[in-house]
Amino acid sequence: MPAPGPTTNAPPVNGIPPGRPFSWRFTTPLFVGSALNPINSSLIATALVPIAHGLGVSIGQTAALVTALYLASAIAQPTAGKAADVFGPRRVFLAGIGLVIVGGLMGGAADSLPILLISRVLIGSGTSCAYPTAMLLIRRRAEDAGLDKPPGGVLGGLQIAGIATASLGLPLGGVLVAALGWRSVFFINVPVALVALVTTVAWVPPDSPPDSPSDSPPDRSRRARDVAAALDVIGIAGFAAAMITLLLFLFALPDAHWYLLAISAVLWIALVLWELRAGTPFLDLHLLAGNRALTSTYLRYGLVLVCAYVVLYGVTQWAQSVRGLSGTEAGLLLLPMTLMSGLVISLVSRHNPVRGPVMAAALACLIGSAGVLLLSTSGWIGWVVVVTLIFGVAMGTSGAGNQTALYEHAPAEQLGTASGLLRTFGYLGSIVASAITGIVFRTHVSDRGMHLIAWIMVGVGVVLVLTTLADRTLRTRPAP
């Protein structure tokens, strides 16, 4: 976090203390809120078996709790960004925190699997509001303070909170379940969300009043139509339907339900046709087609997370099934990934570079993927730590570089949606990783399967290196 600037007796400008626009008071709620989504994505893993025993359902059924959060998050991230563009980022941030509190209480008190599923959808939707709204709040703060861009430490801190904390969920979940039972992985969201809520109300300036309809006296039906058009409700619904069917197809692998893929394809085509005609499209396809730097950022980010989440999913299963480690022990082996990625982000983000970090991320993915080939039943268990450290470098450099690229290349008026889409591509990467491990480890977990996964990762790493080298947009920086 950047050090506070010099103290002066000058009055605040636009509600910002002079010399310290990004004080810890402003950034703390944004960082806390942004950490909730990645931690919840892995927090549930160690609770699945206790939940099955506690509710009297099969372990296979509890896997839907993982799917529910991924589905909700992949859809809610860009949706929350679009809503923030229309209603104001602070309002949407606070609304998301409210959903997290409700979801945490509901899940902690649940007595059936359907209630837990609703809870996970609420938690996924609520936590997804944090990152895209935080990006908008940071940009607004920088503009109000007369800065071209925020200090690198601010974007770096947001990236640490929003990505590097993902692997913290495994050891944290293990400790909570062992000490307090499975309900604690839901209840833990409540006090953390309350901290984010109170600090946001106290320290983040309110949004300006939303635009009101031009007609006078106000026509509520017209106002509702105006809001729906500004949000592009049909586009959001189409995106949600297309994404749900695609993700359900991926989650079902290796059982290929081709009808889901066909339905998804039809829905994506219909969405494209609608968005090309929409006045304020949810997905600005003209922008994506013409802004190669932005689309390349999404692709790079998704490919890195394919490899990183294969390590989180595949190596964890291998360590437990082949090496006989407990869930907590396997989670602790992955803790260096979090620590390394956080350290790398804090170092790299100080000057907001792009080309060097994304190139380093591609190379680290390739080297780390090759390192997975060294894992074996009789091999040194320390290789797992070495691999996770390498992928910590990959996640740190990718997070810092691609987030800076997003901030530079996304239009200011669409930063919320663009930020949410970055996270959606990240979730697609994690879901592809889950599908890869599910297919290879379908019957049993083995060294041979782990090495097959490693070769797939090497292939992804090669593609990532080649596409990064060929990306001409990395050789120039956008004009200020």
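Everything numeric in this text was worked out from a predicted model, so none of it was measured.

J.: I would appreciate a short explanation of the overall build of the protein in the present structure.
T.: The helix and strand inventory of the protein stands at 22 helices and zero strands. Taken against the 2.2 N^0.38 rule, which gives 23 Å for 480 residues, the C-alpha radius of gyration of the protein at 22 Å falls within 12% of a compact globule. Overall, the C-alpha framework of the protein stretches about 70 × 45 × 45 Å when taken along its three principal axes. Excluding contacts between residues fewer than 6 apart, the proportion of contacts in the protein whose partners are at least 24 apart in sequence is 83%.

J.: Please explain the side chain of Thr 473 as it appears in this structure.
T.: One can find Thr 473 in the segment after helix H22 (447-470). Beyond its immediate stretch of four places on either side in the chain, Thr 473 contacts Arg 292 and Ala 293.

J.: What am I meant to see in the confidence of the model for the protein here?
T.: Interpreting fine coordinate detail is not advised for predicted regions of low pLDDT. Residues at a pLDDT of 70 or more form 91% of the protein, whose mean pLDDT is 84. Counted against residues more than four places away or in other chains, residues 1-8, with its pLDDT under 50, gives 13 contacts. Segment residues 212-218 is flagged for pLDDT under 50; beyond a separation of four residues in sequence, or across chains, it makes four contacts in the model.

J.: I'm lost on helix H16 (residues 292-321) in this one. Help?
T.: At 3.6 residues per turn, the α-helix brings residues three or four places apart onto the same side. Helix length check: H16 (30 residues) gives 43 Å between terminal C-alpha atoms against 44 Å at 1.5 Å per residue, within 8%. At Val 311, H16 shows its maximal kink, close to 25°. Within H16, 24 of the 30 residues are buried, which leaves the element mostly enclosed by the surrounding structure.

J.: Before we go on, may I ask you to explain the packing of aromatic side chains in this structure?
T.: Describing an aromatic ring pair means giving the distance of the ring centres and the angle of the ring planes. Within this structure, the stated rule accounts for nine aromatic pairs. Between Phe 239 and Trp 268, the aromatic rings sit 5.9 Å apart at their centres with planes inclined by 80°, giving edge-to-face as the arrangement. Of the two residues, Phe 239 sits in helix H13 (residues 233-252) while Trp 268 sits in helix H14 (residues 258-275), which places them 29 residues apart along the sequence. Here the aromatic rings of Trp 380 and Trp 383 are separated by 5.9 Å at their centres, their planes lie at 70°, and the arrangement is edge-to-face. A residue is classified by how much of its surface remains accessible, and Trp 380, at 56% relative accessible area, is exposed. An aromatic cluster is defined as three or more aromatic residues linked by ring pairs; in this entry it consists of Phe 239, Trp 268 and Phe 282. Cation over ring: Arg 141 sits above Phe 26, and NZ or CZ is 4.3 Å from the ring centre.

J.: Sorry if this is basic, but what is going on with the pattern of salt bridges here?
T.: One side chain can pair with another of opposite charge once the charged atoms of both are near each other. Overall, the coordinates contain three salt bridges when judged by the stated rule. Between Arg 91 and Asp 207 there is a salt bridge whose closest N-O contact spans 3.8 Å. On the criterion of sequence distance, the pair formed by Arg 91 in helix H5 (residues 89-108) and Asp 207 in the loop between helix H11 (189-203) and helix H12 (220-231) is long-range, its members being 116 residues apart. Classification of Arg 91 as partly exposed rests on a relative accessible area of 35%. Among the residues examined, Asp 207 registers a relative accessible area of 11% and is labelled buried. Of the charged contacts, one joins Asp 471 and Arg 300 as a salt bridge, the two residues approaching to 2.9 Å between their closest N and O atoms. Separated by 171 residues along the polypeptide, Asp 471 in the segment after H22 and Arg 300 in helix H16 bring together distant segments of the chain. Relative accessible area serves as the criterion here: at 3%, Asp 471 is assigned to the buried category.

J.: Sorry if this is basic, but what is going on with the nonpolar core here?
T.: Looking at soluble globular proteins, one finds that nonpolar side chains tend to be buried together. Counting residues in each nonpolar core, the largest one holds 124 residues, and the members touching the most others are Ile 51, Phe 391 and Leu 406. With 17 residues, H16 is the single largest residue contributor to this core. Beyond its immediate sequence surroundings of up to four residues, Leu 406 is in contact with Tyr 131, Met 135, Leu 294, Thr 297, Tyr 298, Leu 415, Ala 418, Ser 419 and Leu 422.

How each quantity is defined
- Residues numbered from 1 in each chain as written.
- Predicted model: local features only at pLDDT ≥ 70, side-chain atom pairs only at ≥ 80, totals over all residues.
- Heavy atoms only, no water.
- Helix = DSSP H or I, 4+ residues; strand = E, 2+ residues; numbered from the N terminus.
- Rg over C-alpha atoms; globule rule 2.2 N^0.38 Å.
- Contact = heavy atoms within 4.5 Å.
- pLDDT = per-residue confidence, 0-100.
- Expected span 1.5 Å × (residues − 1).
- Bend = angle between axes of the 7 residues up to and from the residue.
- Buried < 20%, exposed > 50% of the residue type's maximum accessible area, 1.4 Å probe, protein only.
- Phe/Tyr/Trp six-rings, centres within 6.5 Å; stacked < 30°, edge-to-face > 60°.
- Lys NZ or Arg CZ within 6 Å of the ring centre and 35° of its normal.
- Salt bridge = Lys/Arg side-chain N within 4 Å of Asp/Glu carboxyl O.
- Core = buried A, V, L, I, M, F, W, Y, C linked by side-chain atoms within 4.5 Å.

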